[in-house]
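Notes for the structure review
Each chain, letter by letter, is given below.
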Amino acid sequence: MTYYSQHAKVWVSVDCIIFGFDEGKLKILIGKRQMDPGRGEWSLYGGFVSSEESVDDAAARTLYELTGLRNIFMRQVGAFGNVDRDPGERVVSIAYYALINVKDYDDDLRLSHGVKWVDINEIPQLYSDHNEMVSKARRMMQQKLAQEPIGFRLLPSLFTLTQLQHLYEAVNGAELDKRNFRKRIKDMDFIEKTELMDKTSSKRGAYLYRFNNRAYNDAPNFKL
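Figured I'd write up the structure that's included with this text. (Residues numbered from 1 in each chain as written. Predicted model: local features only at pLDDT ≥ 70, side-chain atom pairs only at ≥ 80, totals over all residues. Heavy atoms only, no water.)

For the structure on display, the rule yields ten aromatic pairs. With centroids separated by 4.5 Å and ring planes inclined at 20°, the aromatic side chains of F152 and F211 adopt a geometry described as stacked. Remark: F211 occurs in strand β9 (residues 206–211) and F152 occurs in the loop between α4 (130–145) and α5 (161–172); sequence separation between them is 59 residues. With relative accessibility at 25%, the residue F211 sits in the partly exposed group. Centre to centre, the rings of F211 and Y216 are 5.9 Å apart; their planes meet at 50°, and the pair counts as tilted. By the ring-pair criterion, three or more aromatic residues cluster together here, those being F152, F159, F190, F211 and Y216. A cation over an aromatic ring shows up here: K32 above the ring of W42, its NZ or CZ 4.6 Å from the ring centre. Between K193 and the ring centre of Y207, over which it is positioned, the NZ or CZ distance is 4.1 Å. (Phe/Tyr/Trp six-rings, centres within 6.5 Å; stacked < 30°, edge-to-face > 60°. Helix = DSSP H or I, 4+ residues; strand = E, 2+ residues; numbered from the N terminus. Buried < 20%, exposed > 50% of the residue type's maximum accessible area, 1.4 Å probe, protein only. Lys NZ or Arg CZ within 6 Å of the ring centre and 35° of its normal.)

On the surface, a cluster of nonpolar side chains totalling about 320 Å² of accessible area is made up of W11, M35 and F48. Since its relative accessible area comes to 40%, F48 is described here as partly exposed. (Patch = residues over 30% accessible without salt bridge, like charges linked within 9 Å, V, L, I, M, F, W, Y side chains within 5 Å. Areas by Shrake-Rupley, 256 points an atom, 1.4 Å probe, with all protein chains shown as cover. Salt bridge = Lys/Arg side-chain N within 4 Å of Asp/Glu carboxyl O.)

Shown next, in the form of structure tokens:
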């Protein structure tokens, strides 16, 4: 105990970058801080790690409190610990990014927490180093998306190829050639065409597709 008493205490928190995809846009959840310091500033949603939980458990709890959803895709972004990042106390934050389907998130719950979806390209100045967290999380998601089909976690169970292409374009911030994109999709057995049609965008309609996780697990290395 003598050794530990020689060192100052440091608070540990988690901050969650929650990505969603809606109306062809990549979005994140932010809200106004309800506490000092930084009360009223735009901020990510987070909380402190309790003495009885790991940082992963704290992030999962925080995500559940905000969204009411369990088994969310979640990955650690890294530690943010500049000495002056929090004017209140010495706080080190572990950031996580998560992917959810916007339609799965109960809107009444969202409103009760006072958070809103904001276009990734229109993010205001956030509290402390939260903009840095978002930028790093997006880069990590882009790298992950090129290696694994994690984007399906942002889509409904049935989707059109146009929706899928718009998702990849929104995440990467660049347009894709439609013909080349669909050619690659056609070669992926784990993206299944159904007989169902989406007629919300045109009278002719577009076929709906779905992701087959079992087929993906049996597939060779993924790259899109």
